[in-house]
Amino acid sequence: MALTILCVTFILGLIVGMPVVFAIGLSSLATVLYEGLPVAVVFQRMAAGMNVFAFLTIPFFIFTGELMMYGGIADRIIRCSKAMVGHVRGGLGMTNVVACTMFGGVSGSPVADVSAMGSALIPLMKREGIDADYAVNVTTYSSLVGAVMPTSHNMIIYSLAAGGIVSMNSLIMAGAVPAAMLSVANLLTAYIVARMRNYPAGKFPGWTEVWRSLAVALPGLFIMVIIVGGILSGVFTAAEAGAVAVLYALLLTVLVYRSLSLEHFLKAAAKASKTTGIVLLLVGISTMFGYLMSIYGVAELAGEFLSSISTTPWVVFIMVDIALFLFGIFLDMAAHILVCTPIFLPIVMHYGMDPVQFGIIVLLNCTIGLNTPPVGAAFYLGCAIGEVSVSKVVRSMWPFMAALWITLLIVTLVPGTSMFVHDLLK
């Protein structure tokens, strides 16, 4: 009965449109009251969930991304991307993919990527005669690469949701090939759709402009080298790498580019503070939710249910993907990771999947949720920037969704795609 109360109140909260954090909190509170436990248990678990030193990395990574966005890095990346691929048919679409991939590596946030790149590129693509729905789909799907980049704070959340058995180093290495695969899939899809719609090709500006624009953009992209190199070499912990990244972003945007005004700095600080507060509140409340799920053996029950359907590993893995997709429709990224990891990680490990590989699978599934109504934050933000109806974008999104699903299935069924670099460097 307690497990029924926990699940039913949580699902009802989502159905009536309650914010995820309140749906999780109220379902946990209702279950605690039913069991007759002291309400103080809820707050003790919340405090314990947030009081983790490694979580210092989250505000640092978030603040770095905001500084880069408000500091004018996006414009330099767009110029570089346009010089490299803008001359291809549907060149602005290809530019969008490359620019979003680069900025995703800097910000680590798909939503920030849509906000920065979309605000600049979607109106530009529309002025060039490109359909708004194509511009929105290219932007939102290309931005999803940021979720598996080294600057993604969601990697840290997964590492801790997995009980500390997966290190940040391992996730950084495992995300390299899937990120490249997803970028290539987006490039091919953008090109194919552009040819189908007969979009025009641009003019190649010459190699001089390519190298000049790349030189201007490189200092901003160097943030990935700092984080990846520092963590993998052992020079920094993840939290220290985040602090160094913030300092570098400030020096770059204030002293080198001189593009970060006091007003934009305050906006970046306020946005980072708000996002950090939301994430940590969600982490704390989800800790209580996960504690109750472990008491009632939700992972074991889910494992028994999947085993009753099939005991073939690849079939189980695909069923887990489907389950993660369904959760992702209603949960944002942090909640998705915190709720689903304790349930499905023991199941996939039982069937032989490495927890590092599963981390990349969870992150890719989260990106699908970001671009799928009714919750998809990146999806709605792109539609708002493009001033286009949700229904029009949904009708034309299937090639991009198919590319994302194909990438996810390859990563799920071919362990080497996520484990090759990890095993090589280990």
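Note that this is a predicted model, so its numbers are computed, not measured.

Enquirer: Would you explain the pattern of salt bridges in this entry?
Expert: Where charged atoms from two side chains of opposite charge come close, those side chains can pair. Per the stated rule, a full pass over the model turns up 6 salt bridges. The residue E263 makes a salt bridge to K267 at a minimum N-O spacing of 3.5 Å. Pair noted here: E263 and K267 are both in helix α14 (residues 262-295), with a separation of 4 residues, about one helical turn. Exposure remark for E263: the relative accessible area of 51% places this residue in the exposed category. Under the relative-accessibility criterion, K267 is labelled partly exposed at 40%. Each of D131, D133 and R197 takes part in one network of salt bridges that share partners.

Enquirer: Explain helix α16 (residues 313-330) here, please?
Expert: Because an α-helix completes one turn every 3.6 residues, residues spaced three or four positions apart along the sequence face the same direction. Given a rise of 1.5 Å per residue, 18 residues ought to cover 26 Å, and the 27 Å separating the end C-alpha atoms of α16 matches this to within 8%. Every buried residue of α16 is accounted for by V316, F317, M319, V320, D321, A323, L324, F325, G328 and I329. The inward-facing, buried residues of α16 contact α15 (298-309), α17 (333-350), α18 (355-370) and α21 (398-413).

Enquirer: Quick question: what am I supposed to make of the packing of aromatic side chains here?
Expert: How two aromatic rings sit relative to each other is set out by the distance from centre to centre and by the angle between their planes. Enumeration over the complete set of coordinates arrives at 8 aromatic pairs. Taken together, a centroid distance of 6.2 Å and an interplanar angle of 70° make the contact between F327 and F344 edge-to-face. Remark: F344 occurs in helix α17 and F327 occurs in helix α16; sequence separation between them is 17 residues. The class for F344 is buried, based on a relative accessible area of 6%. By way of ring pairs, the aromatic residues Y134, Y141 and F400 are connected into one cluster. The aromatic ring of Y257 is capped on one face by R76, whose charged end is 3.8 Å from the ring centroid.

Enquirer: How do you make sense of the environment of L292 when you look at a structure like this?
Expert: With respect to the helices and strands, the residue L292 is situated in helix α14. Taking the C-alpha atoms as reference points, L292 and G93, separated by 199 residues in sequence, lie 46 Å from one another. Those residues in contact with L292 that lie beyond four places of it in its chain are L6, S28, T31 and V32.

Enquirer: How should the nonpolar core be read in this particular structure?
Expert: By size, the foremost hydrophobic cluster in this structure holds 144 residues, and its most contacted members are I24, F103, Y134, Y158, F344 and F358. If you tally residues by element for this core, the top one is α17, at 12 residues.

Enquirer: Quick question: what am I supposed to make of unusual backbone geometry here?
Expert: Outside of glycine, negative phi angles account for most residues, and trans bonds account for most peptide bonds. Even without being a glycine, R258 presents a positive backbone phi close to 55°. Given a relative accessible area of 70%, R258 falls into the exposed group.

Enquirer: Looking at this structure, how should I read the layout of surface pockets?
Expert: A probe as big as a water molecule, rolled over the atoms, marks out the empty space that is left. Of the volumes computed, that of the largest pocket is approximately 940 Å³. Together, 35 residues line the largest pocket, and V111, T275, I278, D332 and A377 are the ones closest to its centre. Here the residues of the lining of the largest pocket sort into 21 nonpolar, 10 polar and 4 charged. In terms of lining residues, the second largest pocket is bounded by 22 residues, among which I11, A323, F327, I343 and F344 are the most central. Of all the secondary-structure elements, those providing two or more residues to the lining of the second largest pocket are α1 (2-15), α14, α15, α16 and α17.

Enquirer: Whenever I open this one, empty space enclosed by the protein confuses me. Can you help?
Expert: Under the criterion given, the structure shown has 1 cavity of 30 Å³ or more. Around the largest cavity, the lining residues are F317, V320, D321, V348, M353, F358, I361 and T412. Put simply, the parts of the chain that give the lining of the largest cavity at least two residues each are α16 and α18. Take the lining of the largest cavity: its biggest share by element is 3 residues, from α16. Split by residue class, the lining of the largest cavity holds 6 nonpolar, 1 polar and 1 charged.

Enquirer: Help me understand helix α13 (residues 238-256) in this model?
Expert: Between the first and last C-alpha of α13 there are 25 Å, a value that for 19 residues agrees with the 27 Å anticipated at 1.5 Å per step. At its buried positions, α13 is contacted by α4 (57-70), α5 (73-85), α10 (168-174) and α12 (207-233). After α13 finishes, the residue R258 shows a positive phi value of roughly 55°.

Parameters and conventions
Residues numbered from 1 in each chain as written. Predicted model: local features only at pLDDT ≥ 70, side-chain atom pairs only at ≥ 80, totals over all residues. Heavy atoms only, no water. Salt bridge = Lys/Arg side-chain N within 4 Å of Asp/Glu carboxyl O. Helix = DSSP H or I, 4+ residues; strand = E, 2+ residues; numbered from the N terminus. Buried < 20%, exposed > 50% of the residue type's maximum accessible area, 1.4 Å probe, protein only. Expected span 1.5 Å × (residues − 1). Contact = heavy atoms within 4.5 Å. Phe/Tyr/Trp six-rings, centres within 6.5 Å; stacked < 30°, edge-to-face > 60°. Lys NZ or Arg CZ within 6 Å of the ring centre and 35° of its normal. Core = buried A, V, L, I, M, F, W, Y, C linked by side-chain atoms within 4.5 Å. 1 Å grid on protein atoms, 1.4 Å probe; cavity = no way out; pocket = protein on both sides within 12 Å on 5 of 7 lines; lining within 4 Å. Points joined across faces, edges and corners; volume = space filled by probe spheres on them. Nonpolar A, V, L, I, M, F, W, Y, C, P; charged D, E, K, R; others polar.

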